[in-house]
Amino acid sequence: MDRLLTPFANLVFLVFVAIHVSTYFELDFAVTNGLMPKLHGTAILVAGVFIFLAKRVISSSEEFFKLGGENAPILLGGLFFPVMPYLLMNFFLCIALLEGGNPKIINGAYFLVQKGTVIREVDYAGYNQLLSYQLRLFTGHWVLIGWAALLCAKLIKSAQYKNA
């Protein structure tokens, strides 16, 4: 099973990146099918599983963070530094474009709503655009979650190599 962990972590990361990139196109299957909350929960669950497995293999917190410090630069240099500025920009831009609200359908009309207060009414195209921003905001987090899964898989492999 441990041999499959790193390829699975790579697959998770690539799938999360692909879903995120799809928000820039008319491929928002998660929006049109209402899958966004379920996918977000699944993404968090996947990261939790990788963290749990890493903590199971590396019993002490000190060793966990020590190995993390030793292995993170490999993934940091390749993924984190080029991607992090984009993810931060994506986060703040999507929050600004959503005006702190969420797109909602109320009595067949489309609105941008914040805590039950209507910010403004939008047309169907605007509603779909706001849903894309919302999905892009969520999937930006998934890219970080995928990166964490890659790091945990690397920690598990490193710990097993050290113990062998």
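See the structure printed just above.
These numbers were taken from a predicted model, which means no experiment stands behind them.

Draft legend 1. Up close: the packing of aromatic side chains. Scanning the entire structure with this criterion turns up five aromatic pairs. Between Y110 and Y127, the ring centres sit 4.8 Å apart and the planes meet at 40°, which makes this aromatic pair tilted. With a gap of 17 residues between them, Y110 in strand β2 (residues 109-114) and Y127 in helix α5 (residues 124-163) connect regions that are remote in the sequence. Counting every residue linked through ring pairs, the aromatic cluster contains Y110, Y124 and Y127. Positioned above the aromatic ring of Y24 is the side chain of R136, whose terminal nitrogen or guanidinium carbon lies 3.9 Å from the ring centre.

Draft legend 2. Representation of a nonpolar patch on the surface. A grouping of L88, F91, F92 and I95 is seen on the molecular surface, where their side chains present a nonpolar patch of about 370 Å² in accessible area. Position of I95 relative to the elements: it lies in helix α4 (residues 61-97). By relative accessible area, I95 is classed as partly exposed at 37%.

Draft legend 3. Region of the structure containing the side chain of T23. Here T23 is to be found in the loop between α1 (2-22) and α2 (29-32). A polar contact of 2.6 Å, which involves the side chain of T23, links it to the backbone oxygen of H20.

Draft legend 4. Summary view of the pattern of salt bridges. The full count for this structure, using the stated rule, is one salt bridge. Of the charged contacts in the structure, one is a salt bridge between R120 and E99, with a shortest N-O distance of 2.8 Å. Linking R120 in strand β3 (residues 117-122) with E99 in the loop between α4 and β1 (102-106), this pair joins segments that are 21 residues apart in sequence. Taking the relative accessible area as the measure of exposure, E99 reaches 37% and is therefore partly exposed.

Draft legend 5. Spatial organisation of unusual backbone geometry. Not every positive phi belongs to a glycine, and E99 is a case in point at roughly 50°. Even without being glycine, K115 reaches a positive phi, approximately 50°. Locating K115 in the fold gives a position in the loop between β2 and β3. Its relative accessible area of 84% is what places K115 among the exposed residues.

Draft legend 6. Local environment of the sheet that holds β3. Judged by pairing direction, the sheet is antiparallel, and its three strands sit side by side in the order β1-β2-β3 without closing on themselves. Each edge of the sheet is formed by a strand with only one pairing partner; in this case those strands are β1 and β3. When the angles between neighbouring strand axes are averaged without regard to direction, this sheet yields 40°.

Draft legend 7. Main features of the pairing of β2. By the bridge criterion, five bridges tie β1 to β2 in an arrangement that is antiparallel. Bridge pairing links N102 to V113 in β2. Counting the residues in the hairpin turn of β1 and β2 gives two residues, including N107, whose phi is positive at 55°. When β2 meets β3, the two strands line up antiparallel, connected through five bridges. What sits directly across from L112, in β3, is R120. Taking the residues that link successive antiparallel strands as the turn, the β2-β3 hairpin has two residues, and the phi of K115 there is positive, at about 50°.

Draft legend 8. Broad picture of the nonpolar core. Within the largest apolar cluster, 27 residues are counted, with the highest numbers of intra-cluster contacts made by L5, F16, F50, W142 and I145. Broken down by secondary-structure element, the contributors of at least two residues to this core are α1, α3 (36-57), α4 and α5. Per-element accounting of this core gives the leading share, 12 residues, to α5. Ranked by size, the runner-up nonpolar core spans nine residues in total, among them C94, V122, Y133 and L137.

About the cut-offs
- Residues numbered from 1 in each chain as written.
- Predicted model: local features only at pLDDT ≥ 70, side-chain atom pairs only at ≥ 80, totals over all residues.
- Heavy atoms only, no water.
- Phe/Tyr/Trp six-rings, centres within 6.5 Å; stacked < 30°, edge-to-face > 60°.
- Helix = DSSP H or I, 4+ residues; strand = E, 2+ residues; numbered from the N terminus.
- Lys NZ or Arg CZ within 6 Å of the ring centre and 35° of its normal.
- Patch = residues over 30% accessible without salt bridge, like charges linked within 9 Å, V, L, I, M, F, W, Y side chains within 5 Å.
- Areas by Shrake-Rupley, 256 points an atom, 1.4 Å probe, with all protein chains shown as cover.
- Salt bridge = Lys/Arg side-chain N within 4 Å of Asp/Glu carboxyl O.
- Buried < 20%, exposed > 50% of the residue type's maximum accessible area, 1.4 Å probe, protein only.
- Polar contact = N/O pair within 3.5 Å; in protein donor to acceptor, adjacent residues only side chain to side chain.
- Pairing = 2+ DSSP bridges.
- Axes fitted to C-alpha atoms, helices over the stretch in contact; angles between N-to-C directions.
- Core = buried A, V, L, I, M, F, W, Y, C linked by side-chain atoms within 4.5 Å.

Structural measurements only, silent on function.
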